[in-house]
Structure formats: structure tokens, C-alpha cells
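Letter by letter, the chains look like this.
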Amino acid sequence: MAVKEIYQHFRKEEHEKITMLNGKFEIASRDYYPILLDFLDPREQMIVTSLAGLHSGLRVEFYGGPGERERQRAMIVPELLEVSEADFEITVFELEYPEKFVKLTHRNILGAVMNVGVDRSLIGDIVVGGKIQFAVAAPYAPLFHQTLTRIRNAPVVLTEVPHESFIEPVDDGKPMSILVASFRLDAIISEVIKEGRAKSKTRVEKGKVKVNHSIVENPSFIMETGDTVSIRHFGRFKVTQLIAETKKGKYRLEVRVYRDG
């Protein structure tokens, strides 16, 4: 299968990214040298895995920390070469703050981390549980040390911790089954957050919705299994499964909903 044939399995908006990533495979093959990519979301990981099938003599390894991680860095590795976890260049931070006086949520942490001024692709999983930890691309660790000193007006201290201390993310999503007439973005949002279709359509058109971390302003955008939708002031949900098509031509979808905390 050629790269052009892979395009048909992905959205038109993703073709540019596919071309860029395929170029990384070609460089790894030409130079016989591992190529490290930034943190990828699950959709991007799927694209990279598909491209790997086109390049004999190359393999892809993913790592975002020990255990199951949503966001992972990928490395394109020529056969016979070995790589270690250290080669993925990931720094894990633990965040300390005055817990008695302020409560920090995942949204607070993400907002503060993004305000450091780096691209989302340089940030891995953010885990808020008994501790608050997050992963970043190691070359940018000094920038985070220097810049991220306050969140919600509370002083914070970042400490680098070994990867084996990186806590597992807690899946606090709630499963939900919905019935939709189509896979349009506005139709699915309308059912998930229980609002009128027209309101969901406007929400999308005003740039308040992201699909897989990118703003989508087209209400007729067609959703696929595995897509994650973030809605400003609501939270996010992930389309996990198409269960069945009903006799009346509607579709039953399984989603997992994560409210803003």
C-alpha cells in the first residue's frame, strides 16, 4: 500500500500531517538513525502505526511514561537498533502547592502548563490524583522550572521525579449511550450535553469545540471512533464505540464523558 492509499483512510484535514510524518520515516530509513517525534494523541499514534506498515526495515516504539499513557512520544527505529526509555527524552514533574488554600483541577493545570508558551505536542499526560504530575519534552524542562511558579495565584514548586514514580492516570469518565441520526459533530454534542441541535451548531461555529486538540468550526464534521471532543466550559468526551444501527436508521454510540472539575 502506498502513502496515497493511506490518505483515503483518514480525513482530508489530516493529510498534511500524514505527509509530514511519512517524511520522518523516509529520513530514518535513509540515515539509518532513530527519529524521535513529539507527544502524540491516540489518533496521531494510529496514523504513525499505519505508516509504519509501509516501511519495511523500520519499527515504531511508543513511550509516555510507565504503564498506560494517553499521550506518548513515538520513535521511528531502524531494525537491529535498540533504544532505551531515556532516548525518549521525557521529564516528569511533580507539582507542590498549598492544598489547604486552593484546589487545582486538571483544567487549571493544563491552562497553566500551556501558558508557559510551548506547543501542546511538547506536553505529555497530566495526572491529577493523590499527587499532581505531568510529563514534558526534556529539553523544555528548564523553561517550566523558570516559568511555572504560580497557578490560580497560588505559589507552586516543580520537582523532577523518576519515571517509576509517575502515577497512573485515573479514568474518571462516565460511560454514556446515545442515539444519533448521523455522525455529525453538532448532532453528537447535542445528545451528549443535552442541548438543542441549533445551540450545539452555534457552539461549534464560534470555535468553542476541539476535536483531538484542534479547533473545529464545521458543525458537519464527521466523527469517528476514538475521537476526543473538548467543549469549553463543559469538559470532554471520547467516542468509544459504535454499538449498532437501529431499524430506523439511527446509530447507537457509546461515549465516555469527562466533566470539568
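Residues numbered from 1 in each chain as written. Predicted model: local features only at pLDDT ≥ 70, side-chain atom pairs only at ≥ 80, totals over all residues. Heavy atoms only, no water.

Looking up the chain in an unreviewed UniProt entry gives the name RNA-binding S4 domain-containing protein, with the organism given as Salinicoccus roseus.

Asker: What should I look at first to understand the UniProt feature "domain: RNA-binding S4" (unreviewed entry) in the chain in this one?
Answerer: As recorded in UniProt, the feature "domain: RNA-binding S4" (unreviewed entry) lies at residues 183-240. Helix and strand shares over residues 183-240 are 31% and 26% respectively, and the end C-alpha atoms of the span are 13 Å apart. (UniProt positions renumbered as here; feature names shortened; annotations may be inferred. Helix = DSSP H or I, 4+ residues; strand = E, 2+ residues; numbered from the N terminus.)

Asker: Explanation requested: unusual backbone geometry in the structure shown.
Answerer: The phi angle of most residues is negative, glycine excepted, and most peptide bonds adopt the trans form. Unlike most non-glycine residues, tyrosine 32 shows phi in positive territory, near 50°. By secondary structure assignment, the location of tyrosine 32 is in the loop between helix H2 (15-31) and strand S1 (35-40). Look at asparagine 153: it is not a glycine, yet its phi comes out positive at around 65°. Taking relative accessible area as the criterion, asparagine 153 reaches 69% and is therefore assigned exposed. (Buried < 20%, exposed > 50% of the residue type's maximum accessible area, 1.4 Å probe, protein only.)

Asker: How should I be thinking about the pattern of salt bridges in this particular structure?
Answerer: Any two side chains of opposite charge can pair, so long as their charged atoms come close to each other. Throughout the structure, instances matching the rule amount to 12 salt bridges. For aspartate 227, the salt bridge goes to arginine 11, with nearest N and O atoms at 2.2 Å. Taken together, the residues aspartate 227 in the loop between strand S12 (214-215) and strand S13 (228-231) and arginine 11 in the loop between helix H1 (3-7) and H2 connect sequence positions 216 residues apart. In this structure aspartate 227 comes out as buried when scored by relative accessible area, which is 0%. Since its relative accessible area comes to 9%, arginine 11 is described here as buried. Lysine 17 is paired through a salt bridge with glutamate 44; the nearest N and O atoms lie 2.5 Å apart. Here the residue lysine 17 occupies a position in helix H2, and glutamate 44 occupies one in helix H3 (residues 42-52), the gap between them amounting to 27 residues. On the basis of relative accessibility, which here comes to 31%, the residue lysine 17 falls in the partly exposed class. Through salt bridges with shared partners, a single network forms among Arg11, Glu14, Arg43, Glu224 and Asp227. (Salt bridge = Lys/Arg side-chain N within 4 Å of Asp/Glu carboxyl O.)

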